[in-house]
Amino acid sequence: MSLPERALGRSGLTVSALGLGCMGMSEFYGSRDENESVATIRRALDLGVTFLDTADIYGPHANEELVGRAIADRRDEVVLATKFGIVRDPDDPTKRGFDGSPEYVRAACDASLRRLGVDHVDLYYLHRVDPRTPIEDTVGAMAELVRAGKVGHLGLSEAAASTIRRAHAVHPIAALQSEWSLWSRDIESEIVDTCRELGIGLVPYSPLGRGFLTGAITSPDDLDADDFRRNNPRFKGEAFARNLELVEAVRELAESKGVTAGQLALAWVLAQGADVVPIPGTKRRRYLEENLGAIDVALTPDEVAQLDDIVPAGERYPDMSFVAGVSPPPSP
């Protein structure tokens, strides 16, 4: 089976119109079932998804290993993306920092290749910009990986517009991965236009608002005790209650179109442009299949405008101080 494809900017990299974010299969979103996660990845390939996204921090490391096992006999069907640059304290994984030094770039890539069981990745992202290392130095080292055949294309995640320009001047950037959904619109003010000017594709993560926009979460008690969303401002207190009203507005429009709230929310992201490739994450086959139904949901200009008016309550992260500068906080 095949899905519609989209080009990531002018990089020459073409992927399925929807990808699969694999993070939650290993960490952050409550309980895990490795067998179901592997089955979900393989089902995604069966259904024509070609774009898989992971990172070395997820697990940590366990997610790359899981993805590697799932695609071991199907590598040629996959545009494989992973990320580096967020580091954890080995004695306390909740403590995180950034490392974009050239030495770390090289070491991190080799470690990811080993865990994934591959000789190259198709897209290698700097997960978060290291404010201590000039972006030119980081991307210069990443470019060496391209020349060595270990990496096909380069990407950035959650970088400021000025940083994107500086990085792109060193080596073409194929994709920017940033949060973008009905309740996360930050990149629309400057970053989207910058990427389009430079021919960089847009890869929205959390296009379902970390699951909130599906309507499946009606109370904080719906989240497991170790689910990181319990500490997310939009999932707490008054903001949670106000965001339920947002979800109800999405659900009402979705019901009128005969689709699910999640499909409608994904359709809105897909409607933002042909250079936009969302990577909704899931660890279950049934949600994967529901998400892929969004590709067939057509929105009228009036419906897009109606959805554009939705404004969420609460900040994206508990500490937004990192967002205004080079990069946002070291969170998933």
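Okay, so let's go over this structure. Bear in mind that the values here come from a model prediction, so they are computed numbers and not experimental data.

### Some words on the environment of Glu 303
No. 1: Mapped onto the secondary structure, Glu 303 falls in helix H10 (residues 301-308).
No. 2: Residues contacting Glu 303, with those up to four places away along its chain left out, are Leu 253, Lys 257 and Ala 298.

### Focus on helix H4 (residues 135-147)
No. 1: With 13 residues, H4 ought to run about 18 Å at 1.5 Å a step, and its terminal C-alpha atoms sit 18 Å apart, in line with that.
No. 2: Listed in full, the buried residues belonging to H4 are Ile 135, Thr 138, Val 139, Ala 141, Met 142, Ala 143 and Leu 145.
No. 3: Those residues of H4 that are buried are in contact with strand E5 (79-84), helix H3 (102-116), strand E8 (121-126), strand E9 (151-157), helix H5 (161-170) and strand E10 (173-179).

### Notes on the packing of H5 against helix H6 (residues 191-198)
A pair of packed helices is captured by two measures, namely the crossing angle of their axes and the spacing between those axes.
No. 1: Here H5 crosses H6 at 15°, and the two axes come no closer than 9 Å. In terms of orientation, H5 and H6 fall into the roughly parallel class. Crossing geometry of H5 relative to H6 is assigned as right-handed. Contacts from Ala 161, Ile 164, Arg 165 and His 168 of H5 reach H6 at Ile 191, Thr 194, Cys 195, Glu 197 and Leu 198.
No. 2: Here the residues of the contact of H5 with H6 sort into five nonpolar, two polar and two charged.

### Some thoughts on the packing of aromatic side chains
No. 1: All told, the structure shown has four aromatic pairs when counted by the stated rule.
No. 2: Taken together, Phe 84, Tyr 104 and Tyr 124 form an aromatic cluster joined through their ring pairs.
No. 3: It is Arg 234 that lies over the ring of Trp 183; its NZ or CZ is 5.2 Å from the centre.

### Side note on the pattern of salt bridges
No. 1: Per the stated rule, a full pass over the model turns up 22 salt bridges.
No. 2: The partner of Glu 255 in a salt bridge is Arg 251, and the shortest N-O contact between them spans 3.0 Å. Residue Glu 255 and its partner Arg 251 are located together in helix H7 (residues 237-257), separated by four residues, close to a single helical turn.
No. 3: Look at Glu 255 and you get exposed, because its relative accessible area is 57%.
No. 4: Residue classification places Arg 251 among the partly exposed residues on the basis of a relative accessible area of 32%.
No. 5: By sharing partners, the salt bridges in this structure join Asp 46, Arg 74 and Glu 77 into a single network.

### Re the nonpolar core
No. 1: Counting residues in hydrophobic clusters, the biggest one holds 82 residues, and the most contacted among them are Leu 20, Ile 41, Leu 156, Ile 164, Leu 176 and Leu 307.
No. 2: With eight residues, helix H8 (residues 261-270) is the largest single contributor of residues to this core.
No. 3: Filtering out sequence-adjacent residues up to four positions away, Ile 164 remains in contact with Leu 156, Ala 159, Leu 176, Ile 191, Thr 194, Cys 195, Leu 198 and Ile 200.
No. 4: Counting residues in hydrophobic clusters, the runner-up holds 14 residues, among them Val 15, Val 203, Tyr 205 and Ile 279.

### A short note on the sheet that holds E9
No. 1: Judged by pairing direction, the sheet is parallel, and its seven strands sit side by side in the order E3-E4-E5-E8-E9-E10-E11 without closing on themselves. At either margin of the open sheet sits one strand with a lone partner, and together these are strand E3 (20-21) and strand E11 (201-205).
No. 2: Here E10 runs beside E11; their pairing, made up of five bridges, is parallel. Bridge pairing in E11 places Glu 179 opposite Tyr 205.
No. 3: Its contacts with the sheet put H4 on E5, E8, E9 and E10, and the angle it makes with E9 is roughly 155°.

### Considering the pairing of E11
No. 1: Within E11, five of the five residues are buried, leaving the element largely enclosed by the surrounding structure.
No. 2: Because side chains alternate across E11, one face comprises the buried residues Gly 201, Val 203 and Tyr 205, and the other comprises Leu 202 and Pro 204, equally buried.
No. 3: Each parallel crossover has a hand, and the one from E10 via H6 to E11 is right-handed.

### A closer look at the environment of Cys 22
No. 1: Here Cys 22 shows up in the loop between E3 and helix H1 (34-46).
No. 2: For Cys 22 and Ala 160, which are 138 residues apart along the polypeptide, the C-alpha to C-alpha distance reads 25 Å.
No. 3: If sequence neighbours within four positions are ignored, Cys 22 has contacts with Ile 41, Asp 53, Asn 63 and Val 67.

About the criteria used
Residues numbered from 1 in each chain as written. Predicted model: local features only at pLDDT ≥ 70, side-chain atom pairs only at ≥ 80, totals over all residues. Heavy atoms only, no water. Helix = DSSP H or I, 4+ residues; strand = E, 2+ residues; numbered from the N terminus. Contact = heavy atoms within 4.5 Å. Expected span 1.5 Å × (residues − 1). Buried < 20%, exposed > 50% of the residue type's maximum accessible area, 1.4 Å probe, protein only. Axes fitted to C-alpha atoms, helices over the stretch in contact; angles between N-to-C directions. Parallel < 35°, antiparallel > 145°, perpendicular 65-115°, else oblique. Left-handed = near helix turned anticlockwise from the far one by under 90°. Nonpolar A, V, L, I, M, F, W, Y, C, P; charged D, E, K, R; others polar. Phe/Tyr/Trp six-rings, centres within 6.5 Å; stacked < 30°, edge-to-face > 60°. Lys NZ or Arg CZ within 6 Å of the ring centre and 35° of its normal. Salt bridge = Lys/Arg side-chain N within 4 Å of Asp/Glu carboxyl O. Core = buried A, V, L, I, M, F, W, Y, C linked by side-chain atoms within 4.5 Å. Pairing = 2+ DSSP bridges. Right-handed = clockwise from strand over helix to strand, strands pointing away.

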